[in-house]
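# Structure assessment
Residue strings, one per chain:
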Amino acid sequence: MRRAVGSYDAQISRANPACLLFLIDQSGSMGDPFIGAGGTSKASTVADAVNRLLQNVVLRSAKADGVRDYFRVGVIGYGTTVKAGLGGATPSNVLIPVSRLGEHPLRVDTRVKKVLDAQGRVTEQKVKFPVWYDPISGGQTAMCEALGVAGQAVKEFVYEFPNSYPPIVLNLTDGLPSDGNPQEAARAIRNISTADGNVLLFNLLISKVPVTPAYFPADESGFPETEAKLLFRMSSALPPKLWAAARNEGHAVKPGARGVVLNADPTAIVRFLDIGTRVSPGGNRPL
């Protein structure tokens, strides 16, 4: 049984920030409709989930004196080519301080949100929605190359912040890579470590067909799809606090559960990102 190696309880501060790196499939199939999303594309659904998570990270870091740099955040998109988002650059400087993220969204949209009023009635309310990442789809699926770039980015982060909470890499895809077998590159990422533990690589497979989703499985025996088994083998085991977070969200996680969600629906993507990036649970909050 693979276990997450390390304590995973480092205090998050400006001197030792956390690192969140998103790898986002931008292949042509990501332009297809997302099952159960009312015709919205998979790329758009993922973009919405990532933007919501980025907003939460900015808010988590906001204090009276502004947004403090408790996080380094990056996006690597991979289609036919691999490129950085959020103002980062490849092969180096993929990760940016969260304060820069807060100051420079691409734009701020106005959206309609359904809320309950004092009488319990559903009403519509206009809300501001910052956008840092726009949906992209087209071409192949250069996942192996993306994992290689991600490995370089987290190595640079670990060199600068050797005592930090281990970087978290979240890969969101709807299929197999077009540039080879990604398991070696995934293993190389998982073998990078800070004093607090090994880098965490989590994966999410986006629905192609309406099948029963699986959340944080401990084995691959129930997965007929090649894509699902591959992502399971690539994924890190959940550290104890993230394992507990998944259980508290209602998932029947078992010992050895890995950070992978298969055949997720739109709501599951948001929950996956929230659990996967919950690096300061309990009393271990950013300072």
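This section reports on the structure supplied with the text. Computed from a prediction, not measured in an experiment: that's the story for all the values here.

About the thresholds
- Residues numbered from 1 in each chain as written.
- Predicted model: local features only at pLDDT ≥ 70, side-chain atom pairs only at ≥ 80, totals over all residues.
- Heavy atoms only, no water.
- Axes fitted to C-alpha atoms, helices over the stretch in contact; angles between N-to-C directions.
- Helix = DSSP H or I, 4+ residues; strand = E, 2+ residues; numbered from the N terminus.
- Left-handed = near helix turned anticlockwise from the far one by under 90°.
- Contact = heavy atoms within 4.5 Å.
- Nonpolar A, V, L, I, M, F, W, Y, C, P; charged D, E, K, R; others polar.
- Salt bridge = Lys/Arg side-chain N within 4 Å of Asp/Glu carboxyl O.
- Buried < 20%, exposed > 50% of the residue type's maximum accessible area, 1.4 Å probe, protein only.

### So, the packing of helix H1 (residues 42–60) against helix H7 (residues 266–276)
- Closest axis-to-axis distance for the H1/H7 pair is 9 Å, and the angle between their directions is 35°. You can see that H1 and H7 cross each other, and the crossing is right-handed. Of H7, the residues touching H1 (which contributes Thr45, Val46, Ala49, Val50 and Leu53) are Pro266, Ile269, Val270, Leu273 and Asp274.
- For the contact of H1 with H7, the class distribution of residues is eight nonpolar, one polar and one charged.

### A closer look at the pattern of salt bridges
- Per the stated rule, a full pass over the model turns up five salt bridges.
- In this structure, arginine 233 and glutamate 220 form a salt bridge, with 2.7 Å as the shortest nitrogen-oxygen distance. Placement of the pair is arginine 233 in helix H5 (residues 226–234) and glutamate 220 in the loop between strand S13 (214–215) and H5, with a sequence separation of 13 residues.
- The exposure class assigned to arginine 233 is partly exposed, which follows from its relative accessible area of 36%.

### Brief notes about unusual backbone geometry
- Even without being glycine, tyrosine 8 reaches a positive phi, approximately 55°.
- Mapped onto the fold, tyrosine 8 is located in the segment before strand S1 (18–25).

Everything listed here is a matter of coordinates, which is why it stays silent on function.
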